[in-house]
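Fold and contact review
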Amino acid sequence: MESMCVMSVLLNLCFCMFIMANIAIGDVSYSLLEEMKRGAVIGNIAKDLGLNLNTLAARKARIDAEGTRRKYCDINANSGELTVSERIDRDGLCGRKSVCILKQELVLENPLESHRININVQDVNDNSPVFKKDVLKLDISEIALKGSRFLLEEAHDADIGTNSVQTYTLSRNEHFSLAVSSKTGGRISCELVLDEELDRELKKEVTLILTAVDGGTPPRSGTVTIHVTVLDNLSCFILFYWLSSCIHFFA
């Protein structure tokens, strides 16, 4: 009696292992540029997995999404090709992750069989750099010394890598140049550098155009206006006196 129970358990275990072996066969991987048109061919999955093309329709071949993810792909049962069935937006799927893997699954019936599909979604330059504001306002004293630097707001680009912001340029003018530097994490920052001293009597305001440029092909860009108000010596003295008084009062 005991030997029969053991035999029954072993038979059930072997049956389960056989079913599992037929359900999950293996993985296949592809690379795909985001924003490909619906119907675009990703690859011939039947050929890559060695499946019998003549039986795909009979075995009701289909693509399922793993977990709760949406179904972005489909299979052509006649050709065995894996195709794009829905717009794939890398930025929406993975944000600024360096690697974006979309997981789908090929399922066949009679017998039940499944294959995991890993699609490496690659970034394309489909976003332009954007500044948070339309105008950046700066108040700079006419007694500011040559070489004084003023940090400027960075532009945001939803793309990653070389498709993100790579440099900044400044419109030609008499007083300022631009210092661009790389920061940790691939960020690019810029500072306005005073090359020629300001004189409020000659010019009370200076208008500049700052342009952010990404590294895509072709490159995309975004601009912002910089409005510089030149403060006179008296205004600066009054402001300094007021600040000093406040500091002394709260000390």
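The structure this text deals with has already been given above.
Each chain carries its own residue numbering, running from 1 in the written order of its sequence. Local features in this predicted model are restricted to residues whose pLDDT is 70 or higher, and side-chain atom pairs enter the listing and the counts only when it is 80 or higher, whereas totals over whole chains, interfaces and linings include all residues. Heavy atoms from the whole structure form the basis of all side-chain values; hydrogens and water molecules are not counted.

1. Considerations on the overall build of the protein
Strands here mean DSSP runs of E at least two residues long; helices mean DSSP runs of H or I at least four residues long; both are numbered from the N terminus. Helix and strand counts for the protein come out as four helices and 14 strands. Of all intrachain contacts in the protein linking residues separated by at least 6 positions in sequence, the fraction that spans at least 24 positions is 65%. Here, Shrake-Rupley sampling with a 1.4 Å probe gives the accessible areas, and only protein chains in the shown set may cover a residue. Of the accessible surface of the protein, which amounts to about 15,700 Å², a share of 57% is contributed by carbon and sulfur atoms. By definition in these notes, contact holds between two residues if any of their heavy atoms fall within 4.5 Å.

2. Observations regarding the sheet that holds strand β9 (residues 149–151)
Paired strands, in this sense, are two strands between which DSSP finds at least two bridges. Read across the sheet, three strands follow the order β9-β12-β11 without closing on themselves; strand pairing throughout is antiparallel. On the outer flanks of this sheet lie β9 and β11 (176–182), each paired with one strand and no other. Direction aside, the axes of adjacent strands within the sheet are offset by 30° on average. Of the strand pairs in this sheet, β11 and strand β12 (residues 188–194) are connected by seven bridges, and their pairing is antiparallel. When the sheet's bridge partners are listed, Ala 179 is paired in β12 with Glu 191. Angular values range over 0 to 180 degrees, each being the angle between N-to-C directions of two axes fitted as lines to C-alpha atoms, with helices fitted over their stretch in contact.

3. Some points on the state of the cysteines
A pair of sulfur atoms, both from cysteines and within 2.5 Å, is called a disulfide here. Counting across every chain of the model gives one disulfide. Note that Cys 94 is cross-linked by a disulfide to Cys 100, the S-S spacing being 2.1 Å. Where Cys 94 bonds to Cys 100 through sulfur, the torsion about that S-S bond is close to 65°, and the disulfide is right-handed. With respect to burial, Cys 94 and Cys 100 carry one shared label: buried. Exposure classes here rest on a 1.4 Å probe applied to the protein chains alone. A residue is buried below 20% of its type maximum, exposed above 50%, and partly exposed in between.

4. Remarks on the sheet that holds strand β8 (residues 135–141)
Sheet strands pair by backbone hydrogen bonding; their relative direction is either parallel or antiparallel. Strands sit in the order β8-β14-β13-β10 across an open sheet of four strands; the sheet is mixed. Pairing within the sheet leaves two strands with one partner each, and these edge strands are β8 and β10 (165–170). Within this sheet the neighbouring strands show an average axis-to-axis angle of 25°, counted without direction.

5. Let's talk about the packing of aromatic side chains
Whether two aromatic rings pair depends on their centres lying within 6.5 Å, for rings of Phe, Tyr and Trp, where Trp uses its six-membered ring; planes under 30 degrees apart make the pair stacked, over 60 edge-to-face, and the rest tilted. Applying the stated criterion to the full structure yields one aromatic pair. Each ring, one from Phe 131 and one from Tyr 168, has its centre 6.4 Å from the other, and the planes form 50°; the classification is tilted. Highlighted residues: Phe 131 in the loop between β7 (113–122) and β8 and Tyr 168 in strand β10, separated in sequence by 37 residues.

6. Overview of the pairing of β7
Summarising burial for β7: seven of the ten residues are buried, a large majority. Two elements, strand β6 (residues 101–108) and β7, share eight bridges in a ladder whose sense is antiparallel. Bridge pairing links Lys 103 to Asn 118 in β7. Turn length for the β6-β7 hairpin, with the two strands adjacent in sequence and antiparallel, is four residues, and the turn residue Asn 110 shows positive phi of about 55°.

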